[in-house]
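Results of the structural survey
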Amino acid sequence: MALDPRVPDGPLEKKWDKCRNEMKLVGPINKRKHRILVIGTGLAGASAAASLAELGYQVDVFCIQDSARRAHSVAAQGGINAAKNYRADGDSAYRFFYDTLKGGDFRSREANTYRLAEISGNVIDQCVAQGVPFAREYGGQLDGRSFGGVLVSRTFYARGQTGQQLLLGAYSALSRQVGLGAIRMHTRTEMQDLVVVDGRARGVITRHLETGELKRWSGDAVVLATGGYANVYYLSTNGRGGNVTATYRAYKRGAFFANPCYVQFHPTCIPAAGEHQSKLTLMSESLRNDGRVWVPKKKGDTRAPGQIPEDERDYYLERLYPSFGNLSPRDIASRAAKRMCDEGYGVGPGRQGVYLDLADSIKRLGEKVIRERYGNLFEMYEKITGDDPTRVPMRIYPAAHFTMGGLWVDYHLMSNLPGLFVLGEANFSDHGANRLGANALLQGLVDGYFIAPQTISHYVADSKPAPLSADHAAFAAAEQEARDRIGKLIAVNGSKSADVLHRELGQVMWHHCGISRNRGDLEKGLGKIAELRERFWREVRVPGVNEEYNMALERALRVADFMEFADVIVRDAIDREESCGAHLREEYQTPEGEAKRDDEKFCNVAAFEHKGVGVEPVRHIEPLTFETLHLSTRSYK
């Protein structure tokens, strides 16, 4: 089955205008008659909810935290991209589009990627108007810096707190609408299932995390903005609450899941210190503007970094990729770091680390300037490791970070299930096989502020959804399934916590479907996942009952979904017999160890249809066509 992305015809730079001009509209009075359910309150969810309410819709917003300010968007450090070209260094919407499409190794939808670049400047204007305190240069203009995979400075930032400041802006807009009564905010509430009626998404079942109450919610459209699934690896840079539940439950209800094997490993993470850790801490990619990455030239060198002279250091990114050097894209930098460590050049405990050294920049610009740029990042690093990164080089190593895969959506950001819209990291659409740094914050806000409010309005005007009571049989059935799932988990009464079993799953995923993969490891991993999933339902222990604040149950429900979803990731990785972006199949690479695509067979989006737990899903295809950019070998040398 070929999927229809509903991309307008005509020149690339006119497609979004054409799409908007042809959309049907809902009158201001009629908007009040329609209710939209928004799941998630990060940048994508908060901005979409605020914008929809501003238009006049009734909006219900569901947040698993006690406040929208605690969404994982708050953790983003380095910046947000936009083609403003304030520095007159040659940037443009087209250049931004080119960098993003190339960075994703030509595995994203061309029209969606161009739209991201096209709207980027509007996002910065919106955020400045909200009071986001972007850094400014001496003349008063917004300052910019570079991120991996680009040769211009298009990344706007608020020191190392960009995600937090952007989220506060979106949260302010959200709170205004809550105060006006246009939005009903439901905190500590987690989606348990999607309700589909007559082939359309019409509601959700939720569980209140403090009381265990299951509740039905009916709406005219459902928006999923629940982030990615990198926590399937257990140790990741994501907050502990990150999960796949909302998108996976939608997948089980008929929404197609696209490209799940595309998982990005961020190259600048603080290495794990031991098995006690439950998450990893990211050091912003922005540090690679001023930091140089190196390892000792001598294998197994145990000297302190300050004792290793310059001529005995291998600045391997500068050596391998001279055009981009330390600002090589994340997937390339991560694979290079892993290769250095695998070959015996790693540093620190377990030899699983490389150095990120700021000494040259401090010598050139002064410590004061460097601390002003990255001060809070230095404080985080020193608090975790005990080392001052202005005196001793940082130790970094790749970690699971961002997932490019997500629910399949068309140009309107609607899934194959009518009425189900998917925004931000929860969809697959903009980044291809690898995301360029500082594009995640942008995508969330582009989707929420500028795209979804218009496309959802078109859907409402075109489909004219009739009022639907939550007493409908489909709601009752979905609620009972959620209740049965909860009861089944509690009844297991095994001997292991969900966290212990989740850690085992993470080890399987890391070793068998990690930074690089091969068929043998993937097939072994598939078998281990099936075995572990069976053990989970035999060994997990969930103390307490549903009708209370039960964090063990909360975690177990999410881990149960990871146990099932891991199977889909690995199957996709087995099917995709090529290397592209973050998906490196060891059988398909150049003699230099670079990714080797197979455009004849795999220049497409793979979207999977659920057929049962542990059962081979049906693989649907959306062919990728490139009208403006032509397929070319991706090179940063």
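Owing to the predicted nature of the structure, the values given are computational and were not obtained by experimental measurement. Counting restarts for each chain, with residues numbered from 1 along the sequence as it is written. In keeping with the predicted nature of the model, local features appear solely for residues at pLDDT of at least 70, side-chain atom pairs appear and are counted solely at 80 or more, and the whole-chain, interface and lining totals rest on all residues. Note that water and hydrogens are dropped before the side-chain values are worked out from all heavy atoms of the structure.

**Examining the sheet that holds strand β7 (residues 200-208)**
Heads up, the rule is: Note on pairing: DSSP must find at least two bridges between two strands before they are called paired. What counts as a helix is a DSSP run of H or I of at least four residues, what counts as a strand is a run of E of at least two, and both are numbered from the N terminus. As a rule, the C-alpha atoms of each element are fitted with a line to give its axis, helices using only the stretch in contact, and angles between N-to-C directions run from 0 to 180 degrees.
In spatial order, the strands read β6-β7-β8; together these three strands make up an open sheet with antiparallel pairing. Looking at strand neighbours, the two that pair on one side only are β6 (189-197) and β8 (214-218), the edges of this open sheet. Neighbour to neighbour, the strand axes of the sheet diverge by 25° on average, direction disregarded. In terms of strand pairing, β6 meets β7 through eight bridges, oriented antiparallel. Within β7, the position partnered with Leu194 by the bridge is Val204.

**A few points about the nonpolar core**
Cut-off, in case you're wondering: What we call a nonpolar core is a set of buried Ala, Val, Leu, Ile, Met, Phe, Trp, Tyr and Cys residues that are connected through their side-chain atoms within 4.5 Å. Note on exposure labels: buried denotes an accessible area under 20% of the residue type's maximum, exposed denotes more than 50%, and partly exposed covers the range between, all computed with a 1.4 Å probe on protein chains only.
Core analysis: the biggest nonpolar cluster contains 151 residues, and Ile80, Leu224, Leu420 and Met509 have the highest contact counts within it. Counting residues in each nonpolar core, the second largest holds 29 residues, with Leu317, Leu356, Ile370 and Leu377 among its members.

**Things to note about the environment of Arg87**
For the record, the criterion: Throughout, a contact is declared for two residues whenever any of their heavy atoms are within 4.5 Å. Counted as a polar contact is a pair of N or O atoms within 3.5 Å, where, for protein atoms, one must be capable of donating a hydrogen and the other of accepting one, and residues adjacent in sequence contribute only when both atoms are in side chains.
Its location among the elements puts Arg87 in the loop between β3 (80-81) and α4 (93-103). A sequence separation of 358 residues divides Arg87 from Leu445, and the C-alpha atoms of the two residues are 23 Å apart. Setting aside residues up to four positions removed in sequence, Arg87 forms contacts with Asp143, Gly144 and Ser153. Looking at Arg87, its side chain comes within polar contact range of the side chain of Asp143, at 2.8 Å.

**Some points on the side chain of Thr162**
For Thr162, the location among the structural elements is in helix α6 (residues 162-180). For Thr162, the residues in contact, after removing those within four places along its chain, are Ala76, Gln77, Gly78, Gly79, Ile80, Phe134, Phe156, Tyr157 and Leu441.

**A look at the packing of aromatic side chains**
Note the following rule: Only the six-membered ring of Trp is used, alongside the rings of Phe and Tyr, when aromatic pairs are assigned; centres must lie within 6.5 Å, and planes under 30 degrees apart are stacked while those over 60 apart are edge-to-face, with the rest tilted.
Counted by the stated rule, this structure contains 22 aromatic pairs. When the centroid spacing of 5.8 Å and the interplanar angle of 70° are considered together, the rings of Tyr229 and Phe257 count as edge-to-face. One end of the pair, Tyr229, is in the loop between β9 (221-224) and α7 (245-252); the other, Phe257, is in strand β10 (residues 257-258), and 28 residues separate them in sequence. Here the two residues Tyr229 and Phe257 agree in accessibility, since each one is buried.

**Some details on the pattern of salt bridges**
Here is the rule we go by: By convention in these notes, a salt bridge is any Lys or Arg side-chain nitrogen within 4 Å of a carboxyl oxygen on Asp or Glu.
Enumeration over the complete set of coordinates arrives at 65 salt bridges. Across the pair Arg253 and Asp193 runs a salt bridge, and its minimum N-O distance is 2.8 Å. Highlighted residues: Arg253 in the loop between α7 and β10 and Asp193 in strand β6, separated in sequence by 60 residues. Exposure remark for Arg253: the relative accessible area of 29% places this residue in the partly exposed category. In this structure, the salt-bridge partner of Arg216 is Glu479, at a minimum N-O distance of 2.5 Å. Of this pair, Arg216 sits in strand β8 while Glu479 sits in helix α13 (residues 473-492), placing them 263 residues apart in sequence. With a relative accessible area of 12%, Glu479 lands in the buried category. Through salt bridges with shared partners, a single network forms among Asp105, Arg107, Arg576, Glu578, Arg597 and Asp599.

**A short note on unusual backbone geometry**
Positive phi outside glycine occurs at Phe106, with the angle close to 60°. Mapped onto the elements, Phe106 comes out in the loop between α4 and α5 (110-129). A relative accessible area of 1% places Phe106 in the buried class. Even without a glycine there, the phi angle at Asn259 is positive, about 50°. By the element assignment, Asn259 lies in the loop between β10 and β11 (263-269).

**Brief notes about the sheet that holds strand β1 (residues 35-39)**
Ordered in space as β5-β2-β1-β9-β17, the five strands form an open sheet in which the pairing is parallel. Each end of this open sheet is capped by a strand with a single partner; those strands are β5 (183-186) and β17 (420-422). When the angles between neighbouring strand axes are averaged without regard to direction, this sheet yields 20°. Where strand β2 (residues 58-62) lies against β5, four bridges are found, and the strand directions are parallel. Paired with Val61 across the bridge in β5 is Met185.

**Here's the deal with the domain arrangement of the protein chain**
Interface size is commonly expressed as the accessible area that is lost once the parts come together. Stated precisely, the cut-off is as follows: Annotation comment: domain bounds sourced from an automatic or database domain assignment. Throughout, the accessible surface (probe 1.4 Å) given up by two parts as they are put together, summed over both, is called the buried area. All amino acids are sorted into three groups, where Ala, Val, Leu, Ile, Met, Phe, Trp, Tyr, Cys and Pro are nonpolar, Asp, Glu, Lys and Arg are charged, and the leftover types, Gly among them, are polar.
As far as domains go, the protein chain holds domain 1 (266-400) and domain 2 (473-623). Look at where the C-alpha atoms of domain 1 and domain 2 centre, and you get two points 31 Å apart. Taken residue by residue, the interface counts ten residues in domain 1 and ten residues in domain 2. Roughly 840 Å² of surface becomes buried between domain 1 and domain 2 when both sides are summed, with 51% attributable to carbon and sulfur atoms. Among the residues domain 1 hides against domain 2, the three largest losses belong to Asp331, Arg335 and Lys338. Together they make up 50% of the total. Put simply, domain 1 and domain 2 have zero salt bridges between them. Inspection of the domain 1/domain 2 interface yields three residue pairs in polar contact (both at pLDDT 80 or more). Listing elements by their share of the side of domain 1 that touches domain 2, those giving two or more residues are α9 (330-342) and β15 (394-403). Among the elements that take part in the side of domain 1 that touches domain 2, α9 stands out by supplying four residues, more than any other. Residue composition of the side of domain 1 that touches domain 2, grouped by class: three nonpolar, two polar and five charged.

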